[in-house]
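Spelled out from the first residue to the last, the chains are:
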Amino acid sequence: MKTVSSWRAVWLIAKRELNTRLRTRSFVVGTAVLLVILMGYVLLQSTLADNQDKSKIGLTGQTAGIAQQLQKAGEAIGEKIETVTVADPAQGKTQVESGDLDALLSGNATELKVLVKSELDTKLRTVLNGVSQQEVLNGILSEAQKSPDEVMRTVGQTQVEVDSIKPPDPEKSQRMVIGLIVAVLLYMSIVTYGTLVAQGVVEEKSSRVVEILLSTVRPWHLLLGKVIGLGLVGLTQLVIIGGAGLIVASATNVLTLSGVATGALLWGVVWYLLGFLLYATVYGAMGSLVSRQEDTQSVIGPVNIVLILGFVVGFNLLAQSPEGTGTKILSLVPLLSPVLMPARIAAGTVEVWEVALSLGLTVGAIALFTWLGARIYQNSVLRVGSRIKLSEALKG
């Protein structure tokens, strides 16, 4: 019988997993569902972005004369203001109650009265106060026989002088959004496909297929091939979802296809591969401790808990304080680096030495867990029946 080289054996096993999983209905349906969810989220953000800085104001009586001033004042602070003339104040009140109008103005320019449904938006309050104050000032200057325009030009030329330690990042908010999305996608993918590795090991063990496979390949060939195969399946899904998300986000102007977005996707791919290799070997090793699918969760539960707790804590720190000490420390921990580090890279809050250090620590952790996982797998995969203790599997 012709001898197959080690890496050839690993690749054949990985290819088998890849071909089998990509053709399954669960992969196609799961990818489609995730795409629909992502597209819905992007479209929701697009709608919210369009409506966030837009106000519709009804003008009654003398306030109709300040429509142009309101629009110009709104533009000065990034607020788009649409004005409509309302002939009947009662009708305007009804429109405010129904949400068709954000506010209804009455009175006159110097004594504006504002009717809102519950609370006046802060930006809109600033605009209305500014317009009213300007009208009052114009009146006082006219009484003093001074030109309001000339006085305001002089006042407008007075500006504070601002010095920055580092230039502002115009893409800061976009970076943050991309970083958080990358963290969520990587976490979901690692958990999903890591669990599939464990379930696949249990399935082969319970059906005795593993005994046939191990007659021609070594245990570590089988484990590593399964990990690589399912990792490529997860990577395929991640690239499909990430690529589609970037295209839709760009088309709806939620994001721009700049170096930030594409760089985040590329770093996401790198850290997905590292994270999957780190966790999937552990998932596979733990799955080899049991012989029934119903027992799978009991052995991979501790791994899930570590990942979930780390993700929840890290995600909150990332959202609240992306440049904080706690976020930096957690992103360097190998078990959390695959989720947090690409998010920090996308957010632009990481130094080059931090990326290099986290890569080195993660690669070292992968080597350690691969050695431990292969040992556990080799010592327990052929033992059927009751659950095997981890200490026994490590001893052999």
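Residues numbered from 1 in each chain as written. Predicted model: local features only at pLDDT ≥ 70, side-chain atom pairs only at ≥ 80, totals over all residues. Heavy atoms only, no water.

Observations regarding the UniProt feature "transmembrane region" (unreviewed entry) in the protein chain
Item 1. What UniProt calls "transmembrane region" (unreviewed entry) maps, in this numbering, to residues 26–44, 176–202, 222–247, 254–279, 299–318 and 356–377.
Item 2. A distance of 38 Å separates the end C-alpha atoms of residues 222–247, which is 100% helix and 0% strand.
Item 3. Spanning residues 356–377, this segment combines 100% helix with 0% strand, and its end C-alpha atoms are found 31 Å apart. (UniProt positions renumbered as here; feature names shortened; annotations may be inferred. Helix = DSSP H or I, 4+ residues; strand = E, 2+ residues; numbered from the N terminus.)

Let's talk about the nonpolar core
Item 1. In terms of nonpolar packing, the biggest core is built from 63 residues, with Y272 and F276 touching the most fellow members.
Item 2. Of all the elements in the fold, those that place two or more residues in this core are α1 (6–22), α7 (172–206), α9 (219–251), α10 (259–287), α11 (296–320), α13 (337–347) and α14 (352–380).
Item 3. Ranked by residue count, the leading element in this core is α7, at 13 residues.
Item 4. Other than its neighbours up to four places away in sequence, Y272 contacts L186, S189, I190, Y193, L230, G231, G234, L235 and L238.
Item 5. If you look at the next biggest cluster of nonpolar residues, it comprises 15 residues, including L105, A109, L124 and V131. (Core = buried A, V, L, I, M, F, W, Y, C linked by side-chain atoms within 4.5 Å. Buried < 20%, exposed > 50% of the residue type's maximum accessible area, 1.4 Å probe, protein only. Contact = heavy atoms within 4.5 Å.)

Focus: the packing of helix α12 (residues 325–332) against α13
Item 1. Viewed as axis vectors pointing N to C, α12 and α13 meet at an angle of 130°, and their least axial separation amounts to 7 Å. One element, α12, and the other, α13, form an angle in the oblique class. Read as a crossing pair, α12 and α13 show a hand that is left-handed. Between α12, through T327, K328, L330, S331 and L332, and α13, the contact on the second element is made entirely by S337, L340, M341 and R344. (Axes fitted to C-alpha atoms, helices over the stretch in contact; angles between N-to-C directions. Parallel < 35°, antiparallel > 145°, perpendicular 65-115°, else oblique. Left-handed = near helix turned anticlockwise from the far one by under 90°.)

A look at the sheet that holds strand β1 (residues 54–59)
Item 1. Spatially, β2-β1-β3-β4 is the arrangement adopted by the 4 strands of the open sheet, whose pairing is mixed. This sheet does not close on itself; its edge strands, each paired only once, are β2 (80–85) and β4 (111–115). Neighbour-to-neighbour, the strand axes of this sheet turn through a mean angle of 30°, independent of strand direction.
Item 2. Pairing between β1 and β2: 6 bridges, direction parallel. Counted as the bridge partner of K56 is E82 from β2.
Item 3. In this fold helix α3 (residues 67–76) packs onto β1, β2 and β3 (103–108), with an angle of close to 165° to the strand it touches most, β2.
Item 4. Strands β3 and β4 of the sheet are contacted by helix α4 (residues 89–98), whose axis makes an angle of about 150° with β3. (Pairing = 2+ DSSP bridges.)

Re the environment of N108
Item 1. Within the secondary structure layout, N108 lies in strand β3.
Item 2. Residues N108 and E135, spaced 27 residues apart in sequence, show a C-alpha to C-alpha distance of 9.8 Å.
Item 3. Residues within four places of N108 in sequence aside, it is in contact with Q62 and T63.

As for the side chain of S288
Item 1. With respect to the element layout, S288 can be found in the loop between α10 and α11.
Item 2. Those residues in contact with S288 that sit more than four places away from it in its chain are V201, K205, I376, Y377, S380, V381 and I388.

Some points on the packing of α11 against α13
Item 1. Contact geometry for α11 and α13: axes closest at 10 Å, N-to-C directions at 15°. Classified by the angle their axes make, α11 and α13 are roughly parallel. α11 and α13 meet at a crossing whose hand is right-handed. On α13, the residues that touch F311, G314, F315 and L318 of α11 are V339, L340, A343 and R344.
Item 2. By residue class, the composition of the contact of α11 with α13 is 6 nonpolar, 1 polar and 1 charged. (Nonpolar A, V, L, I, M, F, W, Y, C, P; charged D, E, K, R; others polar.)

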